[in-house]
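What the coordinates show
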Amino acid sequence: MVHFLSSVPSNESSKGASVPKSIDKACPRAPWQPVSSDIKGAAVVVSEDQVRGIFNRFDANKDGRLSKQELKDAFASLGSRMPGVRAWLALQHADANGDGYISEAEFDKLVKYTLKRGYIFK
Ligand SMILES: [Ca+2]
Ligand SMILES: [Ca+2]
């Protein structure tokens with residue numbers, strides 16, 4: 001059975017001073033939570049330098065910037081189940097000038113974004 005609004009008596013608002021108990025202690029707040037929900041099994045978290053190296057390697061045509069296709073290949077190699085989506089999201093996040101490529105200047109954002117997403121390399 002699902003009740004919508006049926007458990008809220010109409011005269012409740014006149015009290016005003018009641019504070020719900022046992023909420024604060026039950027869930028301690030973490031300021032930052034590692035993103036690990038889509039990663040399973042033992043793996044090694046890589047350093048920023050390693051991420052840079054990997055993205056550099058996926059600059060297939062060596063023009064010094066990453067196209068969406070190159071990003072897609074890179075994310076696929078990182079074990080992403082949806083590399084196309086990841087590439088798109090990464091571009092949304094890191095492609096500051098909106099030309100569809102991650103240039104050297106935008107590379108930092110891409111690397112930090114990737115690290116923040118919790119990507120793990122084996
Ligand atoms: Ca390229
Ligand atoms: Ca760009």
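Note that the structure is predicted; figures quoted are calculated from it, not measured.

**Description of the overall build of the protein**
Helix and strand counts for the protein stand at four helices and zero strands. Counted from the first residue to the last, the protein has its helices and strands arranged as α-α-α-α. For the protein, contacts bridging at least 24 residues in sequence account for 55% of all contacts bridging at least 6. Accessible surface for the protein amounts to roughly 9200 Å². Of this, 56% is attributable to carbon and sulfur atoms.

**Section: a nonpolar patch on the surface**
Together, Met82, Val85, Trp88 and Leu89 make up a nonpolar patch on the protein surface, roughly 370 Å² of accessible area in all. Looking at Trp88, the relative accessible area reads 43%, which means it is partly exposed.

**A closer look at the coordination of the calcium ion (ligand 1)**
Each donor-metal-donor angle in an ideal tetrahedron of four donors is 109.5 degrees, and each such angle in an ideal octahedron of six donors is either 90 or 180 degrees. The coordination sphere of the calcium ion (ligand 1) contains the protein donors Asp59 (OD), Asn61 (OD1), Asp63 (OD), Arg65 (O), Glu70 (OE) and Glu70 (OE), at a distance range of 2.2 to 2.5 Å. For the calcium ion (ligand 1), the six donor atoms in the first shell make angles of 53 to 154° at the metal, so the coordination geometry reads as irregular. The sequence pattern formed by the donor residues of the calcium ion (ligand 1) is D-x1-N-x1-D-x1-R-x4-E. On the basis of relative accessible area, Asp59 is assigned to the buried category, the value being 7%. Look at Asp63 and you get partly exposed, because its relative accessible area is 35%.

**Comments concerning the nonpolar core**
Counting 18 residues, the largest nonpolar core has Phe55, Leu66, Leu71, Phe75, Ile102, Phe107 and Leu110 as its most contacted members. Elements that contribute at least two residues to this core include exactly helix H1 (48-57), helix H2 (68-77), helix H3 (83-94) and helix H4 (104-116).

**Observations regarding the UniProt feature "domain: EF-hand" (unreviewed entry) in the protein**
What UniProt calls "domain: EF-hand" (unreviewed entry) maps, in this numbering, to residues 46-81 and 90-117. Along residues 90-117 one finds 64% helix and 0% strand; the C-alpha atoms at either end are 10 Å apart.

**Side note on the coordination of the calcium ion (ligand 2)**
With distances of 2.1 to 2.5 Å, the protein atoms coordinating the calcium ion (ligand 2) are Asp95 (OD), Asn97 (OD1), Asp99 (OD), Tyr101 (O), Glu106 (OE) and Glu106 (OE). Of note is the calcium ion (ligand 2), whose six donor atoms meet at the metal with angles of 53 to 161° in an arrangement that counts as irregular. One chain supplies every donor to the calcium ion (ligand 2), and in sequence these donors are spaced D-x1-N-x1-D-x1-Y-x4-E. By relative accessible area, which is 11% here, Asp95 ends up buried.

**Considerations on the packing of aromatic side chains**
One pass over the structure, following the stated rule, counts zero aromatic pairs. In this arrangement the basic side chain of Arg65 is found over the ring face of Tyr101, its NZ or CZ atom lying 3.8 Å from the centre.

Definitions and limits used
Residues numbered from 1 in each chain as written. Chains lettered and ligands numbered in written order. Predicted model: local features only at pLDDT ≥ 70, side-chain atom pairs only at ≥ 80, totals over all residues. Heavy atoms only, no water. Helix = DSSP H or I, 4+ residues; strand = E, 2+ residues; numbered from the N terminus. Contact = heavy atoms within 4.5 Å. Areas by Shrake-Rupley, 256 points an atom, 1.4 Å probe, with all protein chains shown as cover. Patch = residues over 30% accessible without salt bridge, like charges linked within 9 Å, V, L, I, M, F, W, Y side chains within 5 Å. Salt bridge = Lys/Arg side-chain N within 4 Å of Asp/Glu carboxyl O. Buried < 20%, exposed > 50% of the residue type's maximum accessible area, 1.4 Å probe, protein only. Donors = N, O, S within 2.8 Å, 3.2 Å for Na, K, Ca; no water. Tetrahedral: all angles 85-135°; square planar, octahedral: opposite > 155°, others 65-115°. Core = buried A, V, L, I, M, F, W, Y, C linked by side-chain atoms within 4.5 Å. UniProt positions renumbered as here; feature names shortened; annotations may be inferred. Phe/Tyr/Trp six-rings, centres within 6.5 Å; stacked < 30°, edge-to-face > 60°. Lys NZ or Arg CZ within 6 Å of the ring centre and 35° of its normal.

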